[in-house]
Every structure is written in C-alpha cells, then in structure tokens.
Amino acid sequence: MPNLPQPGQTVCTTCPYCGVGCGILATREVDGGIAIAGDPKHPANLGRLCSKGSALGDTVSLDDRLLHPEVDGRRTDWDSALSFVADTFRETMMEYGPESIAFYVSGQLLTEDYYVANKLIKGFIGTANIDTNSRLCMASSVAGHRRAFGSDTVPGNYEDLELADLIVLTGSNLAWCHPVLFQRIAAAKQARPQMRVVLIDPRRTMTADIADLHLPIAPDGDVALFAGLLGHLVRGGHVDKTYSDQHVAGFDEATAAALAISIKDIEEATGLAASQIKEFYRLFADRERVVTVYSQGVNQSACGTDKVNAIINCHLVTGRIGRPGMGPFSVTGQPNAMGGREVGGLANMLAAHTEIENADHRALVQEFWQSPTIAQKPGLKAVDMFRAVADGRIKALWIMATNPVDSLPDADAVKAAIAACPFVVVSDVSNATDTMALAHVKLPAAAWAEKDGTVTNSERRISRQRAVLPTAGEARPDWWIVAGVARRMGFEPHFSWGSAAEVFAEYAALSAHKNAGRRDFDIGALAGITRRRYDDLKPFQWPLPKGAEEGRARFFADGGFYTEDRKARMIPLSLPQKRAASLQYPLILNTGRVRDHWHTMTRTGKSARLSAHMAEPFAEIHPETALRLRIAPASILKLESAHGTVLLRALVTTRVAPGQVFVPMHWNDQFASAARIDTLVAPVTDPHSGQPALKNVAVRAEPYNAALYGFAVMRERPATIPADYWAVARTPGGWRIELAFESLPTDIAGLARTLLGGSEAAEPISYLDGPRGDARFAFFDKGRLLGALFLAPTPVAVSRNVVVGGLEEDFAVATARFRVVAGRPGADRPDPGAIVCSCFSVGVNDIARALESGVCASVEDIGKALKAGTNCGSCRAEIREIIHARQPVAAE
C-alpha cells in the first residue's frame with residue numbers, strides 16, 4: 001500500500017484530466033475530503049489549474065462508487081471474482097483460441113496499470129487484441145509520427161509555446177480543452193506583443209480570443225491547406241536546403257504533389273478565401289520560430305494521419321523542428337494517453353516503443369518477460385474490436401476505466417454488441433455508467449485520489465500520481481486487479497509485484513534493453529528503482545538513459561530520426577475526397593468538448609460548480625440554419641443520422657457556420673434522456689491509424705414538437721423522470737432537471753410530487769395560469785425548500801439561479817416562499833445570469849452590471865471587482881467576449 005498523508009498534510013500529485021499533466025498540491029482534510037491547489041514547482045503548469053482541476057475536491061464522494069466485486073449482480077469477495085475471471089478466460093482460450101479474448105483499456109489508467117495489462121494479454125494470453133480509448137483521440141498522431149520520424153516521438157515541449165513567434169492552432173480549442181497551455185500562450189503573447197497566433201477551426205471557439213487570424217476551415221480541409229502551404233514554401237524559396245538534404249527523404253515526391261495543388265483547389269477544399277489562405281502562408285513563411293499545435297480536429301478524421309503528415313512536411317522542409325520555439329506539437333486529450341503509447345497500449349505496438357511487426361523486437365520482449373508466447377501480429381483496433389464483439393469472434397471482453405457505450409462511434413451498435421457478448425468484465429470506479437450496466441463481472445478500481453503510479457503528459461514528461469486518500473470500500477489498483485487474474489491463470493512468477501514501484505522498475509529495465517536497437521524511449525536510469533526513490537521521483541522528460549541526470553528537452557534539430565537511414569520521411573499527399581452532405585442528411589455535425597466537463601462526466605458530473613456552466617446537452621446551430629429549419633432559440637431539436645437520433649437544446653449562435661452543427665460528447669443516459677451523440681457517428685476510420693472520424697458526420701435537424709416544457713429543482717434525484725426529454729445536473733444542495741413532453745401530462749400535480757418527492761405532509765404552493773398554460777409548484781418542509789417545478793408551453797423563462805439557490809435558503813418566513821414560485825430575483829437578490837466563472841459563481845448578468853457601472857472596462861477590471869477569471873483563468877476569453885459584445889460599433 002502507498003504511504004498516505006495524515007489529515008492536514010499535502011501531497012504532490014498530478015491532475016487526472018487532459019494531457020497537459022498539471023502538478024497538483026492535494027491536502028487531505030479531516031472530514032475525508034481534499035483541498036486542491038496548483039503546484040508552482042511543476043514545470044507543466046507552474047501553479048496554474050483549470051476549472052476542472054481546481055474542482056477535483058468536489059469529485060471524491062462515494063455516492064456512485066463501485067465498492068465491492070460483483071458477479072452477475074451479486075456481491076462477492078476478491079478471490080472468488082478474480083478466480084471466476086481467470087477460469088473463464090482460460091476456458092475461452094482453450095475452446096476458441098487467444099484471439100477470442102480482448103481488452104479495451106483507457107488513457108485514465110496509470111502507466112503501471114497499462115504495462116501489466118499489456119504484459120498479460122500480449123505475452124501470456126498471446127494476442128494483441130488490446131486497444132485503448134486513446135485510439136479515439138491521438139492514434140493519427142502516432143501513425144503520422146511513425147511515418148515521418150520512424151518513431152512515435154513528440155519533438156518539442158511546452159516552453160516552445162512561449163518562445164515561438166508564430167503559433168498555429170489547428171483543430172484545437174485550447175482555451176477549453178487544454179486551458180493551462182492556453183493561459184501560458186496568452187501570457188507569452190502579452191509579454192511579447194509581436195507574437196502571432198493563427199487559429200484554424202470550423203468554429204469560432206473561445207481560443208479565437210488570442211488569435212490574430214481565424215481561418216474557419218471546412219471540415220477535413222486541413223490536408224489541402226497544409227499541402228498548399230508546402231507548395232508555397234517551395235515556390236517562395238523558404239526551404240532549408242541543408243537540413244532537407246542531410247536529414248530528409250522523400251522531398252521531391254512530397255513537394256511535387258504539393259506543387260500540383262492550385263490555389264483554386266485549396267479554396268474549394270477549405271472553404272476559405274484566397275486572401276485568408278495567402279495571409280496564413282505569409283505569416284508562416286516569414287517567421288522561423290513556428291510551432292503548429294494540433295489536437296482532435298486533426299486526429300479525429302478519416303484522413304487524420306495525412307493531416308498530421310501534411311503539418312510535419314512543412315516543418316521538415318523548413319528545418320523548423322527540434323529547436324527552441326519550433327516544431328509540430330500534438331497535444332493529447334487524456335492524462336496518460338502518452339504513457340499508454342509508451343507501454344504498447346495500442347493494438348499495433350509493443351512495450352517501450354518496440355514494434356510488434358519487428359520479429360527481433362517480439363523476441364526481445366518475450367525473452368525479457370520470459371513469457372510462453374508473444375503476439376505475432378497487430379490486434380484489433382477499437383472500432384474493429386467491437387465489430388468482432390458484435391459478430392461473435394470476441395467471446396470474452398475486459399473493459400477497464402472507460403465507457404465505450406457512450407464514446408465509440410455507432411454507439412448503439414457497440415451497446416448491443418457488449419450486451420450480447422458471452423462474458424464481459426468491467427473494472428471501473430463508478431457503478432453508474434452506461435457500460436457498467438452491461439457487465440457480468442464488476443471489479444471496483446481505485447479512484448484518482450487513491451492511486452499510486454506514473455503518467456506521461458504531452459511533452460514527454462513523466463510525473464508521479466500519489467495517493468491522498470485510502471481506497472474506498474474494497475477498491476484496488478488496476479495493476480493489482482490484472483495481476484491477480486494473471487496469477488490465477490497460472491502465471492504466478494511473472495505477476496508477483498508487491499507495489500506499483502516494482503512494476504515501474506521492471507518497465508524501466510525493459511526500456512533500456514541493450515538488444516532493442518536504437519529507440520527514442522529509454523528510462524534506463526530508473527531501472528531497478530527503489531521504493532524510496534520512486535516515492536520521491538520528480539517530474540522528468542524522457543529519454544532518461546542510464547547515467548543521465550536529466551531528460552532530453554527536444555528531438556531532431558540535428559536529424560537523428562529513427563528510420564534505417566536516420567532520415568525523416570516527407571509524405572506525398574493527395575487531397576482527400578470531400579465527404580459531401582446529402583439531401584437526406586444535409587448538415588455536418590462536429591463533436592467535441594466543453595470547458596467544465598470531461599469525457600462521459602463520471603467525475604465532473606459529481607461537481608455542482610462544474611455543472612453550472614453548461615447544465616444540459618446542446619447543439620450549436622447558426623441563426624440562418626435555425627431559421628430555415630424553424631428551430632427556435634432554446635427549444636428542443638431532434639438531430640438524426642443514418643445511425644441514431646438525439647434530443648438537444650438549441651443554442652443558436654454564429655460560432656458555427658451555416659450548415660454545420662456542434663454538439664458536446666459528454667452527455668449520456670446517466671444525465672439525459674437521449675443525448676449520446678456518438679450514436680449518430682458512422683464507424684468510419686482513418687486507414688492508417690484506425691481512428692474514427694468524429695468531426696464530420698452527415699446529419700439532419702428538425703424541431704422537436706414539445707407540447708410542454710419544464711424546469712425543476714429537488715434535493716434528491718428522482719428514481720425515474722417521467723418526461724420525453726430530460727437532462728439532469730447537480731446543484732448546490734440537490735439537483736436540477738430540464739424537461740419537455742410530447743403531450744400534456746394528465747396529472748400535473750401528481751407529476752410534481754413524483755419529481756420533487758413532496759410527501760403528503762409537505763407544504764405546497766402552486767400557481768396555475770390556464771390561458772397561458774403555465775403551472776408552478778413548490779414543496780416546503782419546516783422552512784426548507786424540498787423542490788420546485790415550472791411548466792410552460794414554451795421554454796421555461798425563470799431564473800435558474802434564483803430557483804436553484806432556494807435549496808440552500810431558509811424559508812421559515814412563509815411570504816418568502818412565493819419568490820421561489822415567481823422564479824424571479826428580488827430587488828435585494830440580483831440574478832447572476834448564466835454562469836461564466838465556475839470558480840466564483842459569477843454570471844453574465846453580474847459582469848454586465850459591472851460594465852454598466854462604468855467602473856469596469858476590461859477583463860482585469862472584472863477580475864478586481866468580481867474575482868472572475870482570477871483563479872484558473874479558464875473563463876477569461878468568455879469575459880472578454882461579453883465586454884466586446886457590449887462595446888458600441890462605430891457608424892459607417
């Protein structure tokens with residue numbers, strides 16, 4: 001067991017959200033909670049945290065935790081559960097062969113967890129049918145790196161973002177998805193006003209706040225844009241001839257393909273004007289220190305790998321790679337997606353960056369593991385894996401720390417496949433996920449604050465994650481669970497570690513194996529690491545070979561690529577076929593993330609303050625599109641593809657282009673009636689990486705003809721929600737629910753009691769307006785608001801903040817209760833409006849009043865007056881947008 005802090009003591013650990021890998025100071029509190037602060041000594045964040053990281057203390061409750069092993073819905077002990085899993089896997093292997101077993105794992109796992117799972121399935125079961133949800137976020141970067149560099153190597157680091165003269169952000173809403181990196185760039189730009197930022201994104205996201213140029217590119221136009229840039233660089237004489245001659249192969253073929261693309265081709269593929277394209281090309285050509293940052297908008301595409309290589313080509317031809325302030329930079333979406341890549345967590349890799357296709361590497365790993373076998377070929381990638389589950393090739397499936405029923409494309413087909421699989425094991429923290437509901441065996445895993453191990457961030461920096469709290473119930477670390485199954489399968493001597501430190505020591509030794517050949521990944525300086533040194537391990541960048549005192553900051557400034565001739569490969573690229581919308585499905589759906597939620601909300605959904613920013617699933621739709629389709633603002637719309645249908649709140653905005661729709665990925669059946677957006681996504685994947693295309697989906701939208709809308713708050717979440725549309729979110733003191741009904745409920749008063757939990761003894765207040773069709777109910781018990789329900793034929797126009805706030809007020813004075821039913825703020829209680837700053841609960845109306853007062857005119861002024869934007873800084877772009885929207889426009 002790891003050493004735990006005493007109440008009042010502070011532990012240095014790492015944030016479990018995105019791939020920035022922020023250091024956290026977590027202080028254990030007497031009541032069992034934890035206090036959170038940024039670690040000013042951690043090189044990734046230097047003390048900064050985003051809204052999600054700052055709210056980690058809100059997410060350690062046990063209310064939805066899986067606390068004991070279960071088999072077929074019945075509680076059991078660990079020995080029985082692990083023996084049952086081991087026996088079933090062994091019997092499945094004997095009857096159907098090793099290829100009938102698959103593991104689907106997660107970038108939420110620690111490196112030690114990943115390593116043990118890969119060792120078991122690839123070296124002892126004998127199949128490479130292990131893949132990770134990281135396939136959904138960065139597999140195209142891996143494939144692009146390997147095509148270009150011969151290895152999955154990130155060339156640069158975060159410091160480059162502050163040293164660059166031009167930062168190109170493509171397919172990355174950095175302000176919301178990697179907020180700490182966004183704040184680092186914003187601070188650098190403020191310090192060096194000559195720095196320029198280009199944002200390439202179909203949407204005008206909050207990242208545009210720091211952009212000097214926003215290119216609203218058409219979906220999947222990136223290959224054309226960057227191939228055109230390569231041609232421009234060659235024509236303009238911006239080639240580093242010395243670098244390309246000495247360190248690059250494929251120059252002639254790649255540049256010939258690029259030069260064949262005309263500006264008209266680029267305009268057509270990107271939807272951009274020639275003037276916009278030329279301005280971007282000029283900015284890139286004229287500045288040597290250029291970093292191109294890319295993320296899901298590049299990777300999650302049917303041509304994602306080509307996009308990555310189109311970007312890398314431009315850096316190779318100019319020699320702008322591996323030097324301070326220069327290089328292509330993939331920022332990952334999960335806290336340990338990089339660690340998973342290092343240990344071979346993907347189906348087409350082996351541990352420590354060895355290659356499954358390489359016979360020498362296979363022999364090396366098998367010898368090191370002393371395993372009876374080794375996987376001889378790549379396994380099934382994520383989408384193909386669940387196809388194999390559906391058609392019966394996979395008979396036994398182990399899902400670890402992920403929720404594929406919600407996150408994979410064609411999600412309803414995935415759900416059906418898992419439901420029909422003969423044997424499904426799920427090890428996870430939460431007992432309340434859409435995937436856990438399908439498990440035959442449930443195994444309780446340790447949560448973030450209970451885990452001990454390492455993670456790797458986007459700049460190759462390995463950091464310790466340390467336990468702050470004791471494991472809840474009978475939960476255990478993932479590596480312990482997998483090792484327990486392995487031992488019971490008969491592999492005792494090879495899975496007998498006593499701690500995560502021992503697992504890491506073995507993994508480090510493998511990375512330094514002398515027969516592995518020349519590889520980028522080597523942490524041999526930590527081979528055989530002691531428990532004390534492991535406990536004290538400071539963040540470091542790999543490689544850290546034997547004898548090294550510190551890691552390597554950058555790669556490839558002087559070549560040295562990991563190919564046979566040590567040269568990088570420029571890849572000739574043709575323009576991808578445009579995925580045109582059809583008459584049946586004329587709109588293009590783009591999916592993504594919001595600021596304060598994460599993945600499928602198993603963690604962030606527990607925080608009231610994170611849920612306050614955006615409390616229900618929505619679809620951004622352009623005013624022209626909404627008007628044409630007769631979709632009213634704030635109404636419910638139906639979004640449909642050939643694969644599924646969802647119901648969402650309409651957010652009419654010019655942030656998206658006409659004909660496009662943006663929907664967040666987070667909401668699922670635990671939080672909404674019909675909002676699993678990946679049910680709409682076709683299982684189309686990139687041919688090189690196997691990564692699904694989640695950002696270019698043909699859909700149609702139409703109004704949802706609701707006869708009645710509703711809004712409710714209550715102290716306890718109701719067991720059932722009798723509405724056709726609903727979305728539930730936590731609030732301080734309870735829950736809130738948005739509602740819509742296709743037909744009028746026959747018993748409105750009964751509906752109110754069902755939702756609000758109003759017993760016969762509760763004191764009701766009600767209001768009915770027959771002509772308008774409004775109905776309002778509130779139930780009180782001895783001065784406490786139990787709940788309130790508002791119904792109307794149009795979207796309910798009450799102050800959500802006023803009503804939600806009633807759950808924490810004292811209503812001993814009966815006349816005060818009418819304020820709840822009115823749903824309006826009193827003169828002494830102004831409505832803050834929609835929450836902008838989650839850290840301090842500052843709303844848009846608060847900011848507007850501060851601006852109207854004349855005292856505030858800038859983001860800094862708002863911070864001084866209201867504190868908004870002064871903690872994590874994630875809301876600063878939204879505050880600036882509000883300020884700009886209120887500024888007068890000069891007459892022409």
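Residues numbered from 1 in each chain as written. Predicted model: local features only at pLDDT ≥ 70, side-chain atom pairs only at ≥ 80, totals over all residues. Heavy atoms only, no water.

Draft legend 1. The overall build of the protein chain, seen in detail. Of the regular secondary structure elements, the protein chain holds 30 helices and 34 strands. Whereas a compact globule of 892 residues would reach a radius of gyration of roughly 29 Å, the protein chain reaches 27 Å, a difference of no more than 12%. A principal-axis box enclosing the C-alpha atoms of the protein chain has dimensions of 80 × 75 × 55 Å. Counting all 892 residues of the protein chain, 63% fall into the buried class. Relative to all contacts within the protein chain whose residues are 6 or more apart in sequence, the contacts with residues 24 or more apart total 71%. Roughly 31,600 Å² of accessible area belongs to the protein chain as shown, and the carbon and sulfur atoms make up 51% of that amount. (Helix = DSSP H or I, 4+ residues; strand = E, 2+ residues; numbered from the N terminus. Rg over C-alpha atoms; globule rule 2.2 N^0.38 Å. Buried < 20%, exposed > 50% of the residue type's maximum accessible area, 1.4 Å probe, protein only. Contact = heavy atoms within 4.5 Å. Areas by Shrake-Rupley, 256 points an atom, 1.4 Å probe, with all protein chains shown as cover.)

Draft legend 2. Local environment of the packing of helix α11 (residues 263–270) against helix α12 (residues 274–286). Two elements in contact, α11 and α12, have axes whose closest approach is 10 Å; the angle formed by their N-to-C orientations is 105°. Between α11 and α12, the angle is such that the two are roughly perpendicular. Contacts between α11 and α12 pair Ile263, Ile266, Glu267 and Thr270 from the former with Ala274, Ile277 and Tyr281 from the latter. Here the residues of the contact of α11 with α12 are counted per class, giving 5 nonpolar, 1 polar and 1 charged. (Axes fitted to C-alpha atoms, helices over the stretch in contact; angles between N-to-C directions. Parallel < 35°, antiparallel > 145°, perpendicular 65-115°, else oblique. Nonpolar A, V, L, I, M, F, W, Y, C, P; charged D, E, K, R; others polar.)

Draft legend 3. Representation of the pattern of salt bridges within the structure. In this structure the tally under the stated criterion is 54 salt bridges. Notably, a salt bridge pairs Glu620 with Arg203, separated by 3.1 Å at the nearest N-O pair. With Glu620 in strand β22 (residues 618–621) and Arg203 in the loop between β9 (196–200) and β10 (213–215), this pair connects stretches of sequence that are 417 residues apart. The pair Glu620 / Arg203 is uniform in exposure class, with both members buried. Linked through salt bridges whose partners overlap, the residues forming this network are Glu616, Arg649, Arg736, Glu738 and Arg800. (Salt bridge = Lys/Arg side-chain N within 4 Å of Asp/Glu carboxyl O.)

Draft legend 4. View of the nonpolar core. Formed by 122 residues in total, the largest nonpolar core has its most connected members in Ile167, Val293, Leu639, Leu739 and Leu789. If you tally residues by element for this core, the top one is strand β32 (residues 784–792), at 7 residues. Residues in contact with Ile167, not counting those within four places in the same chain, are Leu161, Ile185, Met195, Arg196, Val197, Val198, Val291 and Val293. Among the nonpolar cores identified, the runner-up in size contains 118 residues, and Ile121, Trp369, Val441 and Leu443 belong to it. (Core = buried A, V, L, I, M, F, W, Y, C linked by side-chain atoms within 4.5 Å.)

Draft legend 5. Structural context of unusual backbone geometry. Geometrically, the link from Trp542 to Pro543 is a cis peptide bond, its omega value of 5° lying close to zero. Looking at the element boundaries, Pro543 is found in the loop between β19 (540–541) and β20 (568–569). The phi angle at Lys782 is positive, at roughly 55°, despite the residue not being glycine. A relative accessible area of 75% places Lys782 in the exposed class.

Draft legend 6. Fine view of the sheet that holds strand β24 (residues 645–652). Pairing is mixed in the closed barrel, where 6 strands are placed in the order β21-β25-β22-β24-β23-β26. Across the sheet, the mean angle separating the axes of adjacent strands is 45° when strand polarity is ignored. (Pairing = 2+ DSSP bridges.)

Draft legend 7. Up close: the packing of aromatic side chains. Tallied over the entire structure, the rule returns 30 aromatic pairs. Taking 5.1 Å as the distance between ring centres and 90° as the angle between the ring planes, the aromatic pair formed by Tyr104 and Phe386 counts as edge-to-face. You can see Tyr104 sitting in strand β6 (residues 101–105) and its partner Phe386 sitting in helix α17 (residues 382–391), a full 282 residues away along the chain. On the basis of relative accessibility, which here comes to 4%, the residue Phe386 falls in the buried class. Ring centres 5.4 Å apart and planes at 70° place the aromatic pair Phe780 and Phe811 in the edge-to-face group. Taken together, the residues Phe780 in strand β31 (residues 774–781) and Phe811 in the loop between α26 (800–805) and α27 (817–822) connect sequence positions 31 residues apart. Both residues of the pair, Phe780 and Phe811, count as buried. (Phe/Tyr/Trp six-rings, centres within 6.5 Å; stacked < 30°, edge-to-face > 60°.)

Draft legend 8. How the structure looks around helix α8 (residues 222–235). Compared with an ideal rise of 1.5 Å per residue, which puts 14 residues at 20 Å, α8 spans 20 Å between its outermost C-alpha atoms and is within 8% of the ideal. Burial within α8 is extensive, with 11 of its 14 residues counted as buried. Within α8, burial applies to Asp222, Val223, Ala224, Leu225, Phe226, Ala227, Gly228, Leu229, Leu230, Gly231 and Leu233. (Expected span 1.5 Å × (residues − 1).)

Draft legend 9. Broad picture of the pairing of β9. Of all the 5 residues making up β9, 4 are buried; the element is thus mostly covered by neighbouring parts of the structure. Pairing of strand β8 (residues 166–170) with β9, which is carried by 5 bridges, proceeds in the parallel orientation. Note on β9: the bridge partner recorded for Val168 is Val198. Bridge count between β9 and β10: 3 bridges; the pairing is parallel. Counted as the bridge partner of Val198 is Leu213 from β10.

Draft legend 10. Examining the state of the cysteines more closely. Applying the stated criterion across every chain, the model contains 0 disulfides. There is no disulfide at Cys314, and the cysteine sulfur nearest it, in Cys303, is 15 Å away. Sulfur of Cys839: no disulfide; nearest cysteine sulfur belongs to Cys872 and is 3.7 Å away. (Disulfide = S-S within 2.5 Å.)

Draft legend 11. Quick look at the packing of α8 against helix α14 (residues 304–318). Where α8 contacts α14, the two axes come as close as 8 Å, and the packing angle between them is 15°. When the axis of α8 is compared with that of α14, the two are roughly parallel. The interaxial crossing formed by α8 with α14 has left-handed handedness. Taking contact as the criterion, the partners of Asp222, Val223, Phe226, Ala227, Leu229, Leu230 and Leu233 in α8 are, on α14, Asp306, Lys307, Ala310, Ile311, Asn313, Cys314, Val317 and Thr318. (Left-handed = near helix turned anticlockwise from the far one by under 90°.)

Draft legend 12. Layout of the environment of Gly325. Checked against the element boundaries, Gly325 lands in the loop between α14 and β13 (327–330). For the pair Gly325 and Val248, spaced 77 residues apart in the sequence, the C-alpha separation amounts to 20 Å. Once you skip the residues sitting within four places of it in the chain, Gly325 turns out to touch Asp160, Leu163, Ala164, Arg289, Val290 and Val291.

Draft legend 13. View of the side chain of Arg554. In this structure, Arg554 sits in the loop between β19 and β20. The exposure class assigned to Arg554 is buried, which follows from its relative accessible area of 16%. Looking at Arg554, its side chain comes within polar contact range of the side chain of Glu159, at 3.0 Å. Among residues more than four places away in sequence, those in contact with Arg554 are Pro155, Gly156, Asn157, Glu159, Asp160, Leu163, Gly322, Arg323, Pro324 and Arg460. (Polar contact = N/O pair within 3.5 Å; in protein donor to acceptor, adjacent residues only side chain to side chain.)

Draft legend 14. The arrangement of the sheet that holds strand β15 (residues 423–428) in detail. An order of β5-β4-β16-β15-β14-β6-β7 is seen for the 7 strands of this open sheet, with the pairing classed as mixed. Each edge of the sheet is formed by a strand with only one pairing partner; in this case those strands are β5 (74–75) and β7 (130–132). Across the sheet, helix α20 (residues 478–491) is in contact with β14 (396–400), β15 and β16 (441–444); its angle to β14 comes to roughly 160°.

Draft legend 15. View of empty space enclosed by the protein. Going through the model one piece at a time under the given rule, you end up with 4 cavities of 30 Å³ or more. What the largest cavity holds in volume is close to 70 Å³. Lining of the largest cavity is provided by Cys15, Tyr17, Cys18, Val20, Gly21, Cys22, Leu49, Cys50, Gly53, His178, Pro179 and Val180. The residue inventory of the lining of the largest cavity, partitioned by class, reads 9 nonpolar, 3 polar and no charged. (1 Å grid on protein atoms, 1.4 Å probe; cavity = no way out; pocket = protein on both sides within 12 Å on 5 of 7 lines; lining within 4 Å. Points joined across faces, edges and corners; volume = space filled by probe spheres on them.)

Draft legend 16. Geometry of α20. The element α20 is largely enclosed, with a buried count of 10 among its 14 residues. Where the residues of α20 are buried, they touch α2 (78–96), α3 (111–125), β14, β15, β16 and α21 (500–511).

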